[in-house]
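Coordinate inspection notes
For reference, the chains in residue letters:
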Amino acid sequence: DLAFTGLRRSGRSSSTSILSLDLSYLPIQDLAVVCIAEGCKKLRSLVLDHCIHVSDSGVTAIGVHCLRLQSLSLAFCENVTDIGLASFFGFLANI
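Figured I'd write up the structure that's included with this text. All values reported here derive from a predicted model rather than from experimental measurement.

With that out of the way, let us pick up the overall build of the protein. Counting secondary structure elements, the protein contains four helices and three strands. Ordered by position from the N terminus, the helices and strands of the protein form the series α-β-α-β-α-β-α. Split into buried and exposed, the 95 residues of the protein put 37% on the buried side. The contacts in the protein between residues at least 6 apart in sequence include a share of 76% that link residues at least 24 apart. Put simply, the protein shows about 5,300 Å² of open surface, and 57% of that area lies on carbon and sulfur atoms.

Below you can see the structure in the form of structure tokens.
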């Protein structure tokens, strides 16, 4: 997660051009997801399969910041509940 928090602090624009990201099976947590969502606003596809530490707050941040997202995969993200998904879909019309 420290590498992703560096995205937030650096203010670099290199991450803003990322359109697709697959982080399956990585031990990332919500803080990393928030940093990715804030830094990759053009993201269209995000795969977080088996990221067991991601929860509702991470998914909500994706909905808030990644307004161009067209595909999100959360297979086996056990800490994401219906509440998080409802919050996520409340921000996005593209999915």
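Below, the discussion takes up the nonpolar core. Core analysis: the largest hydrophobic core is formed by 23 residues, its most contacted members being Ile-28, Leu-43, Leu-46, Leu-48, Val-54, Ile-62 and Leu-69. Among the elements that make up this core, the one with the highest residue count is helix α2 (residues 30-39) (five residues).

Now for the packing of α2 against helix α3 (residues 56-65). Two elements in contact, α2 and α3, have axes separated by 8 Å at closest approach and are oriented at 5°. Here α2 lies roughly parallel to α3, going by the angle between them. Residue-level contacts link Asp-30, Val-33, Val-34, Ala-37 and Glu-38 of α2 to Ser-57, Gly-58, Ala-61, Ile-62 and His-65 of α3. Residues of the contact of α2 with α3, tallied by class, amount to five nonpolar, three polar and two charged.

What counts, and at which threshold
- Think of each chain on its own: its residues are numbered from 1, step by step along the sequence as written.
- Whole-chain, interface and lining totals are the exception, using all residues; otherwise, since this is a predicted model, local features are given only for residues with pLDDT of at least 70 and side-chain atom pairs are given and counted only at 80 or more.
- With hydrogens and water stripped out, all remaining heavy atoms of the structure feed into the side-chain values.
- We count a stretch as a helix when DSSP gives it H or I for four or more residues in a row; a strand needs E for two or more, and each element gets its number in order from the N terminus.
- Note on classification: 1.4 Å probe, protein chains only; a residue is buried when its accessible area is under 20% of the maximum for its type, exposed when over 50%, partly exposed between these limits.
- We call two residues in contact whenever any of their non-hydrogen atoms come within 4.5 Å of each other.
- Every accessible area reported is derived by Shrake-Rupley at a probe size of 1.4 Å, with residue values counting cover from the shown protein chains alone.
- Residues enter a nonpolar core if they are buried and are Ala, Val, Leu, Ile, Met, Phe, Trp, Tyr or Cys, with the set joined through side-chain atoms within 4.5 Å.
- Lines are fitted to the C-alpha atoms to define the axes, a helix being fitted only along its stretch in contact, and any angle between axes, read from their N-to-C directions, falls within 0 to 180 degrees.
- The scheme is simple: roughly parallel for angles under 35 degrees, roughly antiparallel for over 145, roughly perpendicular for 65 to 115, oblique for anything else.
- Each residue gets one of three labels, nonpolar for Ala, Val, Leu, Ile, Met, Phe, Trp, Tyr, Cys and Pro, charged for Asp, Glu, Lys and Arg, and polar for the others, Gly among them.

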